[in-house]
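The lines below spell out each chain.
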Amino acid sequence: MNRELEFSIRRATPEDVPSIRSILYAVRREYGVIWEIGANDPELDDLEGNYFQRGGQFEVIESMAQRIVGCAGLYPLT
């Protein structure tokens, strides 16, 4: 089995936000930090303005069945 073909990484779209929120909530719940902003982060409401236009990125990891299984977002603070 070729593990390189099991997942793909791509730029997140607004349509991905519900799945992103679900993943963030599940991870924070698992680690007991559900009181933090996390899944309710208002920055997720506008990926374009809050990440891409600021020189950042927001990527999702997608299974071969096109199910989002992970995500990561970064942007410069200065």
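Residues numbered from 1 in each chain as written. Predicted model: local features only at pLDDT ≥ 70, side-chain atom pairs only at ≥ 80, totals over all residues. Heavy atoms only, no water.

Caption draft 1: Inspection of the overall build of the protein chain at higher detail. The helix and strand inventory of the protein chain stands at two helices and three strands. Order of helices (α) and strands (β) in the protein chain, N terminus to C terminus: β-α-α-β-β. For the protein chain, the residues scored as buried account for 27% of the 78 residues in total. Here the contacts in the protein chain between residues at least 6 apart in sequence split such that 49% fall between residues at least 24 apart. (Helix = DSSP H or I, 4+ residues; strand = E, 2+ residues; numbered from the N terminus. Buried < 20%, exposed > 50% of the residue type's maximum accessible area, 1.4 Å probe, protein only. Contact = heavy atoms within 4.5 Å.)

Caption draft 2: Region of interest: unusual backbone geometry. Even without a glycine there, the phi angle at Gln66 is positive, about 60 degrees. Along the chain, Gln66 falls in the loop between strand E2 (57–63) and strand E3 (68–74). For Gln66, a relative accessible area of 62% puts it in the exposed group.

Caption draft 3: Up close: the sheet that holds E2. Read from one edge to the other, the open sheet built from three strands follows the order E1-E2-E3, with strand pairing classed as antiparallel. Two strands in the sheet have a free side with no partner beyond their single neighbour: strand E1 (7–11) and E3. Ignoring which end each strand starts from, the neighbouring axes of this sheet average 20 degrees apart. Relative to E3, E2 runs antiparallel, the two being bridged by six bridges. Across the sheet, the residue bridging to Ile61 is Gly70, located in E3. Taken strand by strand, helix H1 (residues 17–30) contacts E2 and E3, and its axis lies near 90 degrees from that of E3. (Pairing = 2+ DSSP bridges. Axes fitted to C-alpha atoms, helices over the stretch in contact; angles between N-to-C directions.)

Caption draft 4: Structural view of the side chain of Ser63. Along the chain, Ser63 falls in strand E2. We classify Ser63 as buried; its relative accessible area is 15%. Setting aside residues no more than four positions away along its own chain, Ser63 makes contact with Glu6, Phe7 and Val69.

Caption draft 5: Molecular detail of the pattern of salt bridges. In the structure shown here, the tally under the stated rule is four salt bridges. The shortest N-O distance in the salt bridge between Glu62 and Arg10 comes to 3.1 Å. Here Arg10 lies in strand E1 and Glu62 lies in strand E2, a separation of 52 residues in the sequence. Note on Glu62: relative accessible area 11%, which makes it buried. (Salt bridge = Lys/Arg side-chain N within 4 Å of Asp/Glu carboxyl O.)

No statement about biological role is implied by the geometric values presented.
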